[in-house]
Amino acid sequence: MNFNWHIVIEHLPALLKGVPLTVQLTILPCAVGLLGGFVLAMMRQSTIKAIRFMAWVYVYFFRGSPLLVQLFLIYYGLSQFTWVQNLPIWEPILKQAYWCAMIAFALNTSAYVSEIIRGAMGAVPKGELEAADALGMNFMQKLVRIRLPRAFAMMIPAYSNEIIFMLKGSALASTISLMDITGTARTIAARTYTHMELLTTAGILYLLLSWLLMGGFRLLENRYNRHKLAPNAGI
Amino acid sequence: MIDLQGYGGVLAQGTLMTLKLFVVSVLIGLILGVIGALFRLSKNRALSYLATAYVNLVRGIPEIVVILLVYYSGSALVRALLSIFGYTKYIEMSPFWVGAGALAIMFGAYASEVFRMAISELPKGQTEAAAAIGMGRGRTFFRVVLPQVWLLALPALGNLMLVLLKDTALVSVIGLKDIMFFAGRAGQTTQQPFTFYFVALLIYLLLTAVVMVLIDRGEYFANPAKRYQARIAKERR
């Protein structure tokens, strides 16, 4: 077995060009997912049964099926309907692989993030909420000042995991012809018959990206949970 | 209802393939997971590093890249490994084993973390007691550690199995004839991709639900205390 280093060096710049797309396909859906997840988490806690049920169905639907199916359903599936093709957003958005991937990833990660947010909100100590009640805070004040900040600090580890999953999931975009890291690697490999070399390089790029993300989140976690660190640390 | 236009049969065939892949890769993955956890906890530094590297690599590399990598270079790697032992005949791995192997490698990495956590959660007195009554290390592991670890690990393993079930959809990329493959085919020929991908999605949802129920049952049967409790409750009634 021989590993062709020249191929790696020759095509590394091309692979690096795929990095921005991979990062976009990770960060944007995650940002939308944070919002969508929050909305879903609130729906899951609603006092109205129908709303709770709708959110449950959404979460089960997107968590219970592969991301690849969801992606194909949106990218290949939507063209089946002529009324979708007549929509004004068909040409600029729904026909574009880029936006289809974004939509699929955002919908998918919203479901996962909603569970993370729900879990974190449930883990906020009851005493703190009672203290807020005692101070006469209303629902919104309690949410904005107590529950969300506390939940945010608690969910960082789980959320950073979800972002890593999104980073890995973004590689699926290569199946709908997008030229992210994986897409570029596969295209060049198909032309030069050097799958092993290019896929290994792509894998290393993903590893580096995930380490970068994890490092960033570790810093964020330390900042938001600084009350838990050793007293006087960093002062 | 949804008109499958005669593609119901192949979809069922694809479902069977997905299930076969799932079962095979869970079995291989569990073995890899136990070995990985033992390596990780081993006093041998090299083994421990090896296991850590394995887990970290799988964690950071996209599933589809792992599958493609195993698909394109798996047989070359196996051939290279076997040639060390003097076996130089040509080997070709079938796509099924490539897919199952790649899925097992990924499942095994996450499972090894679960097993490691479960093993370290086990009270030390258990292994000490086993040593006290003269059990050897192997016997202690199989009779005392593993049955209890199994119980501690099951909930987390269940989650991993659900992840694996969804990851099986990726093998359609290397041409395995699973649900996704046939759904794509049917969608193309009938010009109704949405219908067939939606059916595929529903099949996955159904499979997820079935696996969830099975895991729940498994947790019950792996827990003698719970079973005993249920029996007592039944007898009292």
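Here the structure is shown first, and the text comes after it.
Here the structure is a predicted model, which means the values were calculated and not measured.

Reading the values: the criteria
- Residues numbered from 1 in each chain as written.
- Chains lettered and ligands numbered in written order.
- Predicted model: local features only at pLDDT ≥ 70, side-chain atom pairs only at ≥ 80, totals over all residues.
- Heavy atoms only, no water.
- Helix = DSSP H or I, 4+ residues; strand = E, 2+ residues; numbered from the N terminus.
- Buried < 20%, exposed > 50% of the residue type's maximum accessible area, 1.4 Å probe, protein only.
- Contact = heavy atoms within 4.5 Å.
- Lys, Arg positive; Asp, Glu negative; His and termini not counted.
- Charge placed at Lys NZ, Arg CZ, Asp CG, Glu CD.
- Axes fitted to C-alpha atoms, helices over the stretch in contact; angles between N-to-C directions.
- Parallel < 35°, antiparallel > 145°, perpendicular 65-115°, else oblique.
- Left-handed = near helix turned anticlockwise from the far one by under 90°.
- Nonpolar A, V, L, I, M, F, W, Y, C, P; charged D, E, K, R; others polar.
- Buried area = accessible area lost by both parts, 1.4 Å probe.
- Salt bridge = Lys/Arg side-chain N within 4 Å of Asp/Glu carboxyl O.
- Polar contact = N/O pair within 3.5 Å; in protein donor to acceptor, adjacent residues only side chain to side chain.
- Patch = residues over 30% accessible without salt bridge, like charges linked within 9 Å, V, L, I, M, F, W, Y side chains within 5 Å.
- Areas by Shrake-Rupley, 256 points an atom, 1.4 Å probe, with all protein chains shown as cover.

Chemist: Give a description of the overall build of chain A that names residues and reports values.
Modeler: Helix and strand counts for chain A come out as 10 helices and 0 strands. Going residue by residue from the N terminus, the α and β elements of chain A occur as α-α-α-α-α-α-α-α-α-α. Counting only C-alpha atoms, chain A reaches 70 × 55 × 30 Å along its principal axes. Split into buried and exposed, the 235 residues of chain A put 47% on the buried side. In chain A, the proportion of contacts linking residues at least 24 apart, taken out of those at least 6 apart, comes to 77%. Of note, chain A has its 19 positive side-chain charges centred 6 Å away from the centre of its 10 negative side-chain charges.

Chemist: Could you give me a rundown of the packing of helix α3 (residues 63-84) of chain B against helix α4 (residues 95-121) of chain B, with the residues and numbers involved?
Modeler: Residue and element names in this part refer to chain B. One way to put it is that α3 packs onto α4 with a least axis distance of 9 Å and a crossing angle of 135°. Looking at the two axes, α3 sits oblique to α4. Two packed elements cross with a definite hand, and for α3 against α4 that hand is right-handed. Along its contact with α3, which presents Glu63, Val66, Ile67, Val70 and Tyr71, the element α4 presents Val98, Ala102, Leu103, Ile105 and Met106. Classifying every residue of the contact of α3 with α4 by side-chain character gives 9 nonpolar, no polar and 1 charged.

Chemist: Go over the interface of chain B and chain A, please, and point to the residues and values.
Modeler: Each partner contributes residues to the interface: chain B has 38 residues there, and chain A has 36 residues. Between chain B and chain A the total buried area reaches about 3,200 Å² when both faces are included, carbon and sulfur atoms providing 78% of it. Taken as a group, Lys166, Phe194 and Leu201 of chain B account for 19% of the area that chain B buries against chain A, more than any other trio of residues on that side. Here Lys168 of chain A makes a salt bridge to Glu63 of chain B, at a shortest N to O gap of 3.8 Å. In this assembly, chain B and chain A are joined by 9 residue pairs in polar contact (both at pLDDT 80 or more). At the level of secondary structure, the elements contributing two or more residues to the side of chain B that touches chain A comprise α2 (45-60), α3 and α8 (193-222) of chain B. Element by element, the count of residues in the side of chain B that touches chain A is highest for α8 of chain B, at 12 residues.

Chemist: Report on a nonpolar patch on the surface, specifying residues and quantitative values.
Modeler: Residue and element names in this part refer to chain B. Together, Val23, Leu27, Ile28 and Trp97 give the surface a local cluster of nonpolar side chains, amounting to about 380 Å² of exposed area. In terms of residue count, helix α1 (residues 8-41) provides more of the nonpolar patch than any other element does, 3 residues in total. Following the sequence through the fold, Leu27 ends up in helix α1.

So far we have only geometry, and geometry alone does not tell us how the molecule works.
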